[in-house]
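# Analysis of the macromolecular model
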Amino acid sequence: MDDIAWEEPFCGEGASCFRLGTDNNGNAYIAVAGAEDSYLSDSREALRTLIRDIKAGKADHLL
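Residues numbered from 1 in each chain as written. Predicted model: local features only at pLDDT ≥ 70, side-chain atom pairs only at ≥ 80, totals over all residues. Heavy atoms only, no water.

Another point: the confidence of the model for the chain. A low pLDDT means the predicted coordinates there should not be read in detail. Taken residue by residue, the chain gives an average pLDDT of 92. The fraction at 70 or more is 97%. For the chain, strand β2 (residues 10–11) is the element with the lowest average pLDDT, namely 91, and strand β1 (residues 5–6) is the one with the highest, namely 97. (pLDDT = per-residue confidence, 0-100. Helix = DSSP H or I, 4+ residues; strand = E, 2+ residues; numbered from the N terminus.)

Now the structure itself:
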C-alpha cells in the first residue's frame, strides 16, 4: 500500500477532529486525528460523493 497523505485535521468546537487522506492508488481515508492507524477507506469518488451529499444537507438530520 502507498503512504497516506493526510490533510490537516477538521475540528469542531468541543468535538473530535477528523482527518482526510488519499494515496496514489485512488483511495481515500477518514480517521480521527491521533488515531490514523484506525481508518475508514473507500475510493476517492466515494469520498467526493460523501462530501457533496453532506454539503447538500443530506446529513443534517444527524446534527
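So, on to the packing of aromatic side chains. Applying the stated criterion across every chain, the model contains two aromatic pairs. An angle of 90° between the planes, with centres 4.8 Å apart, marks the rings of Tyr 29 and Tyr 39 as edge-to-face. Taken together, the residues span a long stretch of sequence, with Tyr 29 in strand β4 (residues 27–32) and Tyr 39 in the loop between β4 and β5 (40–43) at a distance of ten residues. On the basis of relative accessible area, Tyr 29 is assigned to the buried category, the value being 3%. Classification of Tyr 39 as partly exposed rests on a relative accessible area of 31%. An aromatic cluster is defined as three or more aromatic residues linked by ring pairs; in this entry it consists of Trp 6, Tyr 29 and Tyr 39. (Phe/Tyr/Trp six-rings, centres within 6.5 Å; stacked < 30°, edge-to-face > 60°. Buried < 20%, exposed > 50% of the residue type's maximum accessible area, 1.4 Å probe, protein only.)

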